[in-house]
Amino acid sequence: MFEVTVDQTFAAGHALRNYKGKCENVHGHNFKVQVTIEGQRLDDAGMLVDFVEVKKVMRQVIERLDHQFLNDVPPFDVKNPSAENIAEYFHIEMTTGLASTPVPVRISEVRVWETDIQSASYRP
């Protein structure tokens, strides 16, 4: 099994719904997102997936969220914009964006950091 991991960052604000505590108030984070992709074989160039392509797809997802109030951005206008739900959102969007890679790949994990010391992950 081969793995490729790419990290990207973005800044956004949110307010957690159905939460009693400081995080129910509007606040922001410098989020870090890490996507790990796995597959059984490499392409003709000896790569699982091109880092350039992964970063391109990640940037497309990030563009929708960067410097936004996440509670106003679908699906987070309905779904709580928790780190866990953001990780799942990246998994869904990245899976769609990488559907046409030269060799079959799957996203094995997405991890989202809200701060340097706390993160949440999604694994299908």
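One can find the structure itself at the top, above this paragraph.
Residues numbered from 1 in each chain as written. Predicted model: local features only at pLDDT ≥ 70, side-chain atom pairs only at ≥ 80, totals over all residues. Heavy atoms only, no water.

S.K.: Any chance you could break down the overall build of the protein chain for me, citing the residues and the numbers?
M.R.: Scanning the protein chain for helices and strands turns up two helices and four strands. Element order for the protein chain, N to C, with α for helix and β for strand: β-β-α-α-β-β. In summary, the protein chain has a C-alpha radius of gyration of 15 Å against a globular reference of 14 Å for 124 residues, a match within 12%. Per-residue burial for the protein chain yields a buried fraction of 44% across its 124 residues. By sequence separation, contacts in the protein chain at least 24 residues apart represent 67% of the contacts at least 6 residues apart. Accessible area for the protein chain stands at about 7,100 Å²; split by element, carbon and sulfur atoms hold 49% of it. (Helix = DSSP H or I, 4+ residues; strand = E, 2+ residues; numbered from the N terminus. Rg over C-alpha atoms; globule rule 2.2 N^0.38 Å. Buried < 20%, exposed > 50% of the residue type's maximum accessible area, 1.4 Å probe, protein only. Contact = heavy atoms within 4.5 Å. Areas by Shrake-Rupley, 256 points an atom, 1.4 Å probe, with all protein chains shown as cover.)

S.K.: Any details on the nonpolar core? Residues and values, ideally.
M.R.: Judged by nonpolar contacts, the single largest core of 31 residues is most densely connected at Phe10, Phe90 and Met94. Mapped by element, the contributors of at least two residues to this core are β1 (2–14), β2 (27–39), α1 (51–65), α2 (83–97) and β3 (106–115). Excluding its chain neighbours within four sequence positions, the residues that come into contact with Phe90 are Phe10, Val33, Met58, Val61, Ile62, Leu65 and Val110. (Core = buried A, V, L, I, M, F, W, Y, C linked by side-chain atoms within 4.5 Å.)

S.K.: So what's going on with unusual backbone geometry? Residues and values would help.
M.R.: Between Pro74 and Pro75 the backbone carries a cis peptide bond, its omega angle lying at 5 degrees. In this fold, Pro75 is placed in the loop between α1 and α2. Non-glycine residue Asn18 carries a positive phi angle of around 55 degrees. Here the phi dihedral of His67 falls at roughly 55 degrees; this positive angle occurs in a residue that is not glycine. Examined against the element boundaries, His67 turns out to sit in the loop between α1 and α2.

S.K.: Could you give an account of α1, with specific residues and numbers?
M.R.: The end-to-end C-alpha distance of α1, which contains 15 residues, comes to 21 Å, matching closely the 21 Å that a straight helix rising 1.5 Å per residue would cover. The complete set of buried residues in α1 reads Val54, Val57, Met58, Val61, Ile62 and Leu65. Looking straight down α1, one finds its buried side chains confined to an arc of 140 degrees; they lie on one side. Exposed side chains of α1 directed beyond 90 degrees from the buried face belong to Val52 and Glu63. Buried positions along α1 lie against β1, β2 and α2. Capping the start of α1, Asp50 holds a side-chain oxygen 2.9 Å from the backbone nitrogen of Val52, two or three residues further along. In the stretch just after α1, His67 is the one whose phi turns positive, near 55 degrees. (Expected span 1.5 Å × (residues − 1). Arc of directions from axis to C-beta. Polar contact = N/O pair within 3.5 Å; in protein donor to acceptor, adjacent residues only side chain to side chain.)

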